[in-house]
Amino acid sequence: MGGENCFVEQKATKEILLRVTNVCGQCYESLCEGENIYYDMSTYRYLCQRCKDELCERMNDECEIEEEGGGLF
Ligand SMILES: [Zn+2]
């Protein structure tokens, strides 16, 4: 798991929720004030913790998603 450094952990503030987004960029769950949210620097969106963890597990050190099996291309 190399993706931890691809995300910036932040507390969801009213400011972010109003000005940027109030839903997770991946699963569209509502983000609530005071929650930990994660800014994904490779896709420029905020994610909830669950989606961050999932993506983290699939990312390499370069913040690239490694497709399982690798048989797509
Ligand atoms: Zn999510």
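What you are looking at is a predicted structure, and each value in this text was computed from that prediction instead of being measured. (Residues numbered from 1 in each chain as written. Predicted model: local features only at pLDDT ≥ 70, side-chain atom pairs only at ≥ 80, totals over all residues.)

Let's talk about the overall build of the protein
To keep things clear, this is the line we draw: Per the convention used, a helix needs a DSSP run of H or I reaching at least four residues, while a strand needs a run of E reaching at least two, with both numbered from the N terminus. With C-beta atoms placed from the backbone, a residue is labelled by how many other C-beta atoms lie within 10 Å of its own: buried for 20 or more, exposed for 12 or fewer, partly exposed between the two. Residues are defined as contacting one another if the C-beta atoms placed from their backbone atoms lie within 7 Å.
Assigned secondary structure in the protein consists of two helices and three strands. Its helices and strands taken in sequence order, the protein reads β-α-β-β-α from the N to the C terminus. Taken across its 73 residues, the protein has 21% of its residues classed as buried. Partitioning the contacts of the protein with sequence separation of at least 6, the portion at a separation of at least 24 is 44%.

Looking at the nonpolar core
What counts, and what does not: A set of buried residues drawn from Ala, Val, Leu, Ile, Met, Phe, Trp, Tyr and Cys, joined through C-beta atoms within 7 Å, is what defines a nonpolar core.
Cys6, Phe7, Cys24, Leu31, Ile37, Tyr38, Tyr46, Leu47, Cys48, Cys51, Leu55 and Met59 together form the largest nonpolar core, which totals 12 residues. Looking at this core, the elements with two or more residues in it are strand E2 (36-40), strand E3 (45-47) and helix H2 (49-58). Not counting chain neighbours up to four residues away, the residues in contact with leucine 55 comprise Gly3 and Ile65.

A look at the sheet that holds strand E1 (residues 7-11)
Our working definition: Criterion used throughout: strands pair if DSSP finds at least two bridges between them. An axis is simply a line fitted to the C-alpha atoms; with a helix, the fit covers only the stretch in contact. Between two such axes, the angle follows the N-to-C directions and lies from 0 to 180 degrees.
One open sheet holds the three strands; their spatial order is E1-E2-E3, and the pairing between them is antiparallel. Strand pairing shows two members of the sheet lacking a second neighbour, E1 and E3, which therefore form its edges. With strand direction ignored, the average angle separating the axes of adjacent strands in the sheet is 35°. Relative to E3, E2 is paired through three bridges, and the arrangement is antiparallel. Within the sheet, the bridge partner assigned to tyrosine 39 lies in E3 and is tyrosine 46.

Things to note about the confidence of the model for the protein
This is how it is decided: A score between 0 and 100, pLDDT records how confident the predictor is in each residue.
The predicted model of the protein averages 90 in pLDDT, with 89% of residues at 70 or higher. Confidence, read as mean pLDDT per element, is least for H2 in the protein (94) and greatest for helix H1 (residues 14-19) (97).

Notes on the environment of glutamate 33
Its place among the elements puts glutamate 33 in the loop between H1 and E2. Note on glutamate 33: 13 C-beta atoms within 10 Å, which makes it partly exposed. C-alpha separation for the pair glutamate 33 and alanine 12, spaced 21 residues apart in sequence, amounts to 4.9 Å. Residues contacting glutamate 33, with those up to four places away along its chain left out, are Ala12, Thr13, Lys14 and Leu17.

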